[in-house]
Amino acid sequence: CGFLFAASIRLWYTQDYRRKMKEMKWKPALDTWLVYLPAIGFFIIPALYILTPLLAAADYTLPEWAGWAGAAIFAAALILLWRSHADLGANFTPVAAVQEGQRLVTTGVYCSIRHPMYAAHFLWAFAQPLLLWNWIAGFALLITFIPLYYVRVPVEERMLADRFGEDYLEYMERTGRIIPKFTQPESP
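All of these numbers come straight from a predicted model, not from anything done at the bench.

Q: Any details on the overall build of the chain? Residues and values, ideally.
A: Looking only at helices and strands, the chain has six helices and zero strands in total. Accessible area of the chain: about 11,300 Å², with a carbon and sulfur share of 68%.

Below you can see the structure in the form of structure tokens.
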């Protein structure tokens, strides 16, 4: 259910972008394929675990409260994913690129965290082993998400710094990359 909700969020907020890319006959760059790697960890391997007995040998057990904690963390991930898409609006792009007319968004969840979508996926990755009690399916998203995060975030930050200059560098100083950084307003 959570996967379907997350997919709905992404589909809703990317419809204009997908239409633009189709009109431009866009071809993905090599690093864009990293975007699809986590799908193996959050959809394919969990589906294999849920629908077949193939991964049963890697099962473990946790107390009942762990499942509830996982559900709460996953709910927080979905809320953060939705909020980050809503706050970014038309400035969202699933590829490492700055669009024409893109503006620097520093409001909403972006006021304290630069990459809330990545943070949402990390929350999801931490919730998954609490929800799927299997060493392979539980940790699959974390393992498949880390390469995307470590390759894409530095590229994105360099592009944004090139595009927005000092404004982005100041924004980097006052926000956390994936862990919120709450700063006090400067006194006059």
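Q: Which residues make up the confidence of the model for the chain, and what are the values?
A: Considering every residue of the chain, the mean pLDDT works out to 86; 84% of them sit at 70 or more. Per-residue pLDDT, averaged within each element of the chain, yields its smallest value for helix H1 (residues 2-23) (69) and its largest for helix H4 (residues 116-131) (96).

Q: An account of a negative patch on the surface is needed here, citing residue identities and associated values.
A: Side chains of Glu166, Asp167, Glu170 and Glu173 sit close together on the surface and give a patch of like negative charge. Inspection of the secondary structure assignment puts Glu166 in helix H6 (residues 166-174).

Q: Before we move on, could you go through the layout of surface pockets and cite the residues and values that matter?
A: When its volume is computed, the second largest pocket comes out at roughly 350 Å³. Along the wall of the second largest pocket there are 15 residues; nearest its centre are Cys1, Phe3, Phe42, Pro46 and Ile50. The set of elements that each furnish at least two residues to the lining of the second largest pocket consists of H1, helix H2 (37-51) and H4. The dominant element in the lining of the second largest pocket, judged by the number of residues it contributes, is H2, at six residues.

Reading the values: rules and limits
- Residues numbered from 1 in each chain as written.
- Predicted model: local features only at pLDDT ≥ 70, side-chain atom pairs only at ≥ 80, totals over all residues.
- Heavy atoms only, no water.
- Helix = DSSP H or I, 4+ residues; strand = E, 2+ residues; numbered from the N terminus.
- Areas by Shrake-Rupley, 256 points an atom, 1.4 Å probe, with all protein chains shown as cover.
- pLDDT = per-residue confidence, 0-100.
- Patch = residues over 30% accessible without salt bridge, like charges linked within 9 Å, V, L, I, M, F, W, Y side chains within 5 Å.
- Salt bridge = Lys/Arg side-chain N within 4 Å of Asp/Glu carboxyl O.
- Lys, Arg positive; Asp, Glu negative; His and termini not counted.
- Charge placed at Lys NZ, Arg CZ, Asp CG, Glu CD.
- 1 Å grid on protein atoms, 1.4 Å probe; cavity = no way out; pocket = protein on both sides within 12 Å on 5 of 7 lines; lining within 4 Å.
- Points joined across faces, edges and corners; volume = space filled by probe spheres on them.

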